[in-house]
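What follows is each chain in one-letter form.
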Amino acid sequence: MASSVVMLDRGNNTTCTVNLHGATVVSWRVNNQEQLFVSKQAVFDGKKAIRGGIPFVFPHFGSWPCGPQHGFARVLPWTLERPPERNPATGDVEAAFILTDNEHTQHYWNHAFRVTYRLILREKELHCHVQVVNPSRDRELCFQLLLHTYLKVPDVTRCQITGLRGCTYTDKTRDEAVFQEASEGVQVTEWTDRVYRNTPSEHIVTNVVSGRKMRVLKYNLADTVLWNPWSQDVQRLSDLCAEEYRSMLCVEPGQVTSPVMLLPGTAYEGSMMLQVM
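Reading the values: rules and limits
- Residues numbered from 1 in each chain as written.
- Predicted model: local features only at pLDDT ≥ 70, side-chain atom pairs only at ≥ 80, totals over all residues.
- Heavy atoms only, no water.
- Pairing = 2+ DSSP bridges.
- Helix = DSSP H or I, 4+ residues; strand = E, 2+ residues; numbered from the N terminus.
- Core = buried A, V, L, I, M, F, W, Y, C linked by side-chain atoms within 4.5 Å.
- Buried < 20%, exposed > 50% of the residue type's maximum accessible area, 1.4 Å probe, protein only.
- Contact = heavy atoms within 4.5 Å.
- Phe/Tyr/Trp six-rings, centres within 6.5 Å; stacked < 30°, edge-to-face > 60°.
- UniProt positions renumbered as here; feature names shortened; annotations may be inferred.
- Axes fitted to C-alpha atoms, helices over the stretch in contact; angles between N-to-C directions.

Novice: How would you summarise the sheet that holds strand S4 (residues 33-34) if you had to cite specific residues and measurements?
Specialist: The strand order across the open sheet formed by 4 strands is S1-S2-S3-S4, and the pairing between neighbours is antiparallel. The two strands at the open ends of the sheet, each matched to only one other strand, are strand S1 (5-11) and S4. Note: S1 against strand S2 (residues 14-19), 6 bridges, orientation antiparallel. Bridge pairing in S2 places Leu8 opposite Cys16.

Novice: A description of the nonpolar core should follow, citing residues and the corresponding values.
Specialist: Grouped together as the largest cluster of nonpolar side chains are 63 residues, with contacts concentrated most on Phe58 and Tyr117. If near-sequence neighbours (up to four positions away) are discounted, Phe58 is found in contact with His70, Gly71, Phe72, Ala73, Trp109, Phe113, Val115, Val132, Phe143, Gln144 and Leu145. Among the nonpolar cores identified, the runner-up in size contains 8 residues, and Phe37, Tyr150, Val234 and Met248 belong to it.

Novice: Describe the packing of aromatic side chains, and please don't skip the residues or the numbers.
Specialist: Taken as a whole, this structure holds 17 aromatic pairs when the rule is applied. Seen from their ring centres, Phe37 and Tyr150 are 6.3 Å apart, and the 25 degrees between their planes marks the pair as stacked. In this pair, Phe37 is assigned in the loop between S4 and strand S5 (56-57) and Tyr150 in strand S11 (residues 150-152), connecting sequence segments 113 residues apart. A ring pair is formed by Tyr150 and Trp227, whose centres lie 6.1 Å apart and whose planes are at 90 degrees; its orientation type is edge-to-face. Taken together, the residues Tyr150 in strand S11 and Trp227 in strand S17 (residues 223-228) connect sequence positions 77 residues apart. Overall, Tyr150 belongs to the buried group, its relative accessible area being 2%. Every member of this aromatic cluster is reached through a ring pair, and the members are Phe58, Trp64, Phe72, Trp109, Phe113, Phe143 and Tyr268.

Novice: So what's going on with the UniProt feature "binding site: substrate" (unreviewed entry) in the chain? Which residues, and what values?
Specialist: Under the UniProt annotation, the feature "binding site: substrate" (unreviewed entry) is placed at Arg51, Gln69 and Arg74. Spanning 24 residues, the annotated positions come together in the fold, the maximum distance between their C-alpha atoms being 13.4 Å. Relative to the assigned elements, Arg51 resides in the loop between S4 and S5. When residues no more than four places from it in sequence are discounted, the contact partners of Arg51 are Val38, Ser39, Ala42, Tyr150, Trp227, Leu237, Asp239 and Leu240. Residue placement: Arg74 occurs in the loop between S5 and strand S6 (79-86). Among the residues examined, Arg74 registers a relative accessible area of 15% and is labelled buried. Each residue touching Arg74, except ones within four places of it in the same chain, is listed here: His21, Gly22, Thr24, Ala49, Pro55, Phe56 and Gln69.

Novice: A description of the UniProt feature "active site" (unreviewed entry) in the chain should follow, citing residues and the corresponding values.
Specialist: Look at the UniProt record and you will see "active site" (unreviewed entry) annotated at His148 and Glu252. With the annotated positions falling across 105 residues, the maximum pairwise C-alpha distance of 4.9 Å places them together in a single cluster. Sequence-distant contacts of His148, defined by excluding residues within four places in its chain, comprise Gly53, Ile54, Pro55, Val57, His70, Trp227, Cys250 and Glu252. In this fold, Glu252 is placed in strand S18 (residues 248-262). Setting aside residues no more than four positions away along its own chain, Glu252 makes contact with Leu146, Leu147, His148, Thr149, Asp223, Thr224, Val225 and Trp227.

Novice: I'd like a rundown of the sheet that holds strand S16 (residues 214-219), residues and numbers included.
Specialist: The 7 strands are arranged S6-S7-S8-S9-S19-S16-S15 in an open sheet whose pairing can be described as antiparallel. Both outer strands of the open sheet, S6 and strand S15 (202-205), are each paired with one neighbouring strand and no more. Pairs of neighbouring strands in the sheet enclose a mean axial angle of 15 degrees, with direction left out of account. Taken together, the 8 bridges between strand S7 (residues 93-100) and strand S8 (residues 114-121) define a ladder with antiparallel strand orientation. Its bridge partner being in S8, Phe97 is matched across the sheet by Tyr117.

Novice: Let's hear about the pairing of S2: which residues, and what values?
Specialist: Note on strand geometry: in a regular strand, side chains alternate between the two faces of the sheet. Extensive coverage of S2 is indicated by the burial of 6 of its 6 residues. By the alternation rule, side chains of S2 split into Thr14, Cys16 and Val18 and Thr15, Thr17 and Asn19, which are all buried. The pairing of S2 with strand S3 (residues 24-30) spans 5 bridges and is antiparallel. Bridging across to S3, Thr17 finds its partner in Ser27. Hairpin geometry of S2 and S3 is characterised by an intervening segment of 4 residues between the two adjacent antiparallel strands and by a positive phi of about 80 degrees at Gly22.

Here it is, written out as structure tokens:
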């Protein structure tokens, strides 16, 4: 059975839809134009991660001996902590979701935690704020975190991503070899799976929906993952149509190369902002 969804509606055909399964943002429309990619073959069974939107990767990035790939946050039901509420001064709409440890998470990862995910929908912006609290009195909390953002694009080969020049990256398509980015505007023309380290706080992605630009701003998320499965890797993904890789580009702010170390009783905060330019 499909999980319930929560919609933030700012008016003027500007909405954001969140599936409580994984607190996955499955739609963000600005003036009725969809900005996020979701596969036509995405599965909404409340078990599998949703293919597209903004899946929430926590507490682990990548394959995980302890549990599901990319952690359990994207495949568990979250709780709506604060229903969508409009700010009367700005018109912006905000909602908050929480995930805390339970018997299921303890089975994989024996730690106490509390994740709060606040979404704020503005006129041409979507703000995603993350807070992770370590409620333990005597144990550190070590985790990775990533917002696996699928941007919808007319033709991925025409996009350029700024803000990566000079950064080192691990290339997962080339046996984890490490390279330094030489391009001012990175283009995706092949199977791409790169983890860029210590990236600047801003990326601009050109030629997204309607030929516009998307600004990706991030705070306290040191890394940027760039991913497109292309024709090689799409074959192993049953929930992605063969040609859909051309219509998507994953630009994913995260804290993955150096995990967050949280002392007992402390909190971490990080955020991403998407802005249609």
